[in-house]
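# Analysis of the macromolecular model
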Amino acid sequence: MDVSFIRERISILRIRKNVSEYKMSTDLGRSKNYIQSISSGRNLPSVSELLSICEYLEVTPKEFFDTEMNEPVLVHELVDTVKGLSEDDLKVLISVAEKMKK
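Conventions and cut-offs
Residues numbered from 1 in each chain as written. Predicted model: local features only at pLDDT ≥ 70, side-chain atom pairs only at ≥ 80, totals over all residues. Heavy atoms only, no water. Helix = DSSP H or I, 4+ residues; strand = E, 2+ residues; numbered from the N terminus. Rg over C-alpha atoms; globule rule 2.2 N^0.38 Å. Buried < 20%, exposed > 50% of the residue type's maximum accessible area, 1.4 Å probe, protein only. Axes fitted to C-alpha atoms, helices over the stretch in contact; angles between N-to-C directions. Parallel < 35°, antiparallel > 145°, perpendicular 65-115°, else oblique. Left-handed = near helix turned anticlockwise from the far one by under 90°. Contact = heavy atoms within 4.5 Å. pLDDT = per-residue confidence, 0-100. Core = buried A, V, L, I, M, F, W, Y, C linked by side-chain atoms within 4.5 Å. Expected span 1.5 Å × (residues − 1).

## With respect to the overall build of the protein chain
- Scanning the protein chain from terminus to terminus reveals 7 helices and 0 strands.
- Against the globule reference of 13 Å for 102 residues, the protein chain gives a C-alpha radius of gyration of 17 Å, more extended than a compact globule.
- The principal-axis extent of the C-alpha atoms belonging to the protein chain is close to 50 × 25 × 20 Å.
- Per-residue burial over the protein chain gives 27% buried out of 102 residues.

Here is the structure:
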């Protein structure tokens, strides 16, 4: 994994959130070109800035760097949805998910 991963991941997650570089920059309290400068490779966020970006994008740092998790926001939504299910319902859901994965 190299530094290009960070800028590409920010871009992918930002687009999936359906927010412009300009809006994300201003929402984060930064200059209007902040995210564009990261996306273009001119700058990289500091660790604290990356944590703010993760929070804005509604992903944990672990999810941000997890290359196998393509849709972390949807995974959060799924987890929130299944929290109240019974054990039997969860087993059925797992069975369906395993069949879909194949």
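After presenting the structure, the write-up continues.
## Thoughts on the packing of helix 1 (residues 3–16) against helix 4 (residues 47–57)
- Here helix 1 crosses helix 4 at 25°, and the two axes come no closer than 10 Å. Relative to helix 4, the element helix 1 lies roughly parallel. As helix 1 runs across helix 4, the sense of the crossing is left-handed. Of the residues in helix 4, those in contact with Ile6, Ile10, Leu13 and Arg14 of helix 1 are Leu50, Ile53 and Leu57.

## Brief notes about the confidence of the model for the protein chain
- Looking at the protein chain, pLDDT values average 91 and 99% of them are 70 or higher.
- Looking at the elements of the protein chain, mean pLDDT is at its lowest for helix 6 (residues 72–82), recorded as 85, and at its highest for helix 2 (residues 21–27), recorded as 97.

## Things to note about the nonpolar core
- Core analysis: the largest hydrophobic core is formed by 16 residues, its most contacted members being Ile10, Met24, Ile35, Ile53, Leu57 and Phe64.
- Among the elements of the structure, helix 1, helix 3 (34–39) and helix 4 are those that each provide at least two residues to this core.
- For this core, the element with the most residues is helix 4, which contributes 5 residues.
- Not counting the four nearest positions on each side in its chain, phenylalanine 64 is found in contact with Phe5, Ile6, Arg9, Ile10, Leu13, Leu50, Cys54 and Val59.

## Here's the deal with helix 1
- Relative to the 20 Å expected for 14 residues at 1.5 Å per residue, helix 1 spans 21 Å between its end C-alpha atoms, a close match to the ideal helical length.
- Of all the positions in helix 1, only Ser4, Phe5, Ile6, Arg9, Ile10, Ser11, Leu13 and Arg14 are classed as buried.
- Residues of helix 1 that are buried make contact with helix 2, helix 3, helix 4, helix 5 (61–65) and helix 6.
- Asparagine 18 lies just past helix 1 and shows a positive phi near 60°.

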